[in-house]
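Okay, here's what each chain looks like letter by letter:
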Amino acid sequence: MKYLLLLLVGCADVAQPYELEHPRVMAVGVTPPGLAAGETARIDILITDVDGPRVADPADVEIRSDFGLAIAREDGWQVTADGRSSVVAFDVRVQVGAELLTAQKTLVFGTHADNPPVPAIAAPVAEIPAERDYVLTPEVLDPAWSYRWFSSVVVLTGYRRAESTLEPVAGAEGAIALVVRDQAGGTAWVIAPATVQP
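### Quick notes on the overall build of the protein
Scanning the protein from terminus to terminus reveals 1 helix and 15 strands. Along the three orthogonal principal directions, the C-alpha set of the protein runs to about 60 × 40 × 30 Å. The buried share among the 198 residues of the protein stands at 42%. A sequence separation of at least 24 residues applies to 58% of the contacts in the protein between residues at least 6 apart. Averaging the coordinates of the 14 positive side-chain charges in the protein and doing the same for the 26 negative ones gives two points 6 Å apart.

### Considerations on the pattern of salt bridges
Following the criterion strictly, the structure yields 6 salt bridges and no others. In this structure, aspartate 49 and arginine 54 form a salt bridge, with 2.9 Å as the shortest nitrogen-oxygen distance. Taking relative accessible area as the criterion, arginine 54 reaches 29% and is therefore assigned partly exposed. The salt bridge involving glutamate 131 is made with arginine 132; its shortest N-O contact spans 3.0 Å. Its relative accessible area of 60% is what places glutamate 131 among the exposed residues. Each member of the salt-bridge network shares a partner with another, and the members are Glu62, Arg64 and Arg93.

### Comments concerning the sheet that holds strand β5 (residues 61-64)
Pairing in this open sheet of 4 strands is mixed, and the strands run β2-β9-β8-β5 from one edge to the other. Edge positions in the open sheet fall to β2 (34-35) and β5, since each of these has one partner strand only. Here 11 bridges tie strand β8 (residues 86-96) to strand β9 (residues 99-109), and the two strands are oriented antiparallel to one another. When the bridges of β9 are listed, valine 88 appears paired with leucine 107.

### Here we look at the sheet that holds strand β14 (residues 173-181)
Pairing is antiparallel in the open sheet, where 3 strands are placed in the order β11-β14-β15. Of all the strands in the sheet, the pair left with one neighbour each is β11 (146-151) and β15 (187-195). When strand polarity is set aside, the average angle formed by the axes of neighbouring strands in this sheet is 15°.

### Things to note about the pairing of β11
Among the 6 residues of β11, 5 are classified as buried, and the element is accordingly described as predominantly covered. Where β11 lies against β14, 6 bridges are found, and the strand directions are antiparallel. The residue of β14 that forms the bridge with arginine 148 is valine 179.

### A look at the packing of aromatic side chains
Inspection of the entire model under this criterion finds 2 aromatic pairs. On the basis of an interplanar angle of 50° and a centroid distance of 6.4 Å, the ring pair of tryptophan 145 and tyrosine 147 is categorised as tilted. Of the two residues, tryptophan 145 and tyrosine 147, neither departs from the other in class, the shared state being buried.

### Describing the nonpolar core
By size, the foremost hydrophobic cluster in this structure holds 24 residues, and its most contacted members are Leu136 and Ile176. For this core, the elements supplying multiple residues, two or more each, are β10 (134-136), β11, β12 (154-157), β14 and β15. Per-element tally for this core: the top contributor is β15, with 4 residues. Ranked by size, the runner-up nonpolar core spans 23 residues in total, among them Ala56, Val94, Ala103 and Leu107.

### Here's the deal with the side chain of threonine 48
Tracing the backbone through its elements, the reader meets threonine 48 in strand β3 (residues 40-48). Looking at threonine 48, its side chain comes within polar contact range of the main-chain oxygen of leucine 20, at 2.6 Å. Not counting residues within four places of it along the chain, the set of residues in contact with threonine 48 comprises Leu20, His22, Pro23, Arg24, Met26, Pro53, Arg54 and Val96.

The rules behind the values
- Residues numbered from 1 in each chain as written.
- Predicted model: local features only at pLDDT ≥ 70, side-chain atom pairs only at ≥ 80, totals over all residues.
- Heavy atoms only, no water.
- Helix = DSSP H or I, 4+ residues; strand = E, 2+ residues; numbered from the N terminus.
- Buried < 20%, exposed > 50% of the residue type's maximum accessible area, 1.4 Å probe, protein only.
- Contact = heavy atoms within 4.5 Å.
- Lys, Arg positive; Asp, Glu negative; His and termini not counted.
- Charge placed at Lys NZ, Arg CZ, Asp CG, Glu CD.
- Salt bridge = Lys/Arg side-chain N within 4 Å of Asp/Glu carboxyl O.
- Pairing = 2+ DSSP bridges.
- Axes fitted to C-alpha atoms, helices over the stretch in contact; angles between N-to-C directions.
- Phe/Tyr/Trp six-rings, centres within 6.5 Å; stacked < 30°, edge-to-face > 60°.
- Core = buried A, V, L, I, M, F, W, Y, C linked by side-chain atoms within 4.5 Å.
- Polar contact = N/O pair within 3.5 Å; in protein donor to acceptor, adjacent residues only side chain to side chain.

Printed below as a string of structure tokens:
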């Protein structure tokens, strides 16, 4: 019985993939994600931890690539396309609190492409009813996109689907975030303040 109790206590501390309170890289955005020769793109790293979701300070980010990319940090991190036409990649290291997190991003050189439009959440989240499950849906449903929901106020089911069901925690305050990705490497996100009614 002692060993069973220890196991149950340990499981309670496991971070769920949708929780915003735990340090993680939520997305790596490149604007634009497809570059013609000579074009320059901005690189943004969406992170989260106990302080909530936000774009990482460029000073906390390190970007490297084995593809010989022209990457520089000026007002923020940038990459400039050379004359090649291919898929390239870079590695990201970002300091989030006491943790050093990593991610990788691919992008396309040779052809211009834009990110998806910034998503909007169709169901209002400023005041979520506490007495029943609540369905989150984006205003635009595109079968070619992938969807990823995050939350600090609810338990999410189907956080990798376009429509996600949440189980509200009464009185909780925080945020709900949605990241969308298209098949060309484009990424966009929205972060919405959220409150569950008492």
